[in-house]
Amino acid sequence: MLTVVTDSALDAVFIEFEDGPAGYSEELDENRIVDYSLNPGTPVGVCLHNVSDGVKLEGLPHQDQVRQILAGLGVEAS
């Protein structure tokens, strides 16, 4: 089940691709974190910070889906 949570005070967006707990997280850079299930390599969500500056899609899972979600929120993604 896809869930999108925005926090304008934190300038952040969290996109959850699948229900269930995250087993571990990987920080791609200071603004992008990917959460994975206990099954290695299965992304369950992404946390994006400073989205008003735009979001770099490289390295994110489900890039097309993330791009569409961000476009719907008015966030630039490249």
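Our structure is the block above this text.
Residues numbered from 1 in each chain as written. Predicted model: local features only at pLDDT ≥ 70, side-chain atom pairs only at ≥ 80, totals over all residues. Heavy atoms only, no water.

S.K.: If you had to explain the sheet that holds strand β4 (residues 32-36) to someone new, which residues and values would you point to?
M.R.: Within the open sheet, the 5 strands sit side by side as β1-β2-β5-β4-β3. Their pairing is antiparallel. Of all the strands in the sheet, just β1 (3-7) and β3 (24-29) have a single pairing partner and so form its edges. Sheet twist, expressed as the average angle between the axes of neighbouring strands with direction ignored, equals 15°. Where β4 lies against strand β5 (residues 43-49), 5 bridges are found, and the strand directions are antiparallel. By the bridge assignment for β5, D35 is matched with G45. (Pairing = 2+ DSSP bridges. Helix = DSSP H or I, 4+ residues; strand = E, 2+ residues; numbered from the N terminus. Axes fitted to C-alpha atoms, helices over the stretch in contact; angles between N-to-C directions.)

S.K.: Mind laying out the nonpolar core, listing which residues take part and the relevant values?
M.R.: With 15 residues, the main nonpolar core has I15, V46, L48, V55, L60, V66 and L70 as its most contacted residues. Going through the elements one at a time, β2 (12-16), β4, β5 and α1 (63-72) are the ones with two or more residues in this core. For this core, the leading source of residues is α1, giving 3 residues. Each residue touching L60, except ones within four places of it in the same chain, is listed here: L28, R32, V34, V46, L48, V55 and V66. (Core = buried A, V, L, I, M, F, W, Y, C linked by side-chain atoms within 4.5 Å. Buried < 20%, exposed > 50% of the residue type's maximum accessible area, 1.4 Å probe, protein only. Contact = heavy atoms within 4.5 Å.)

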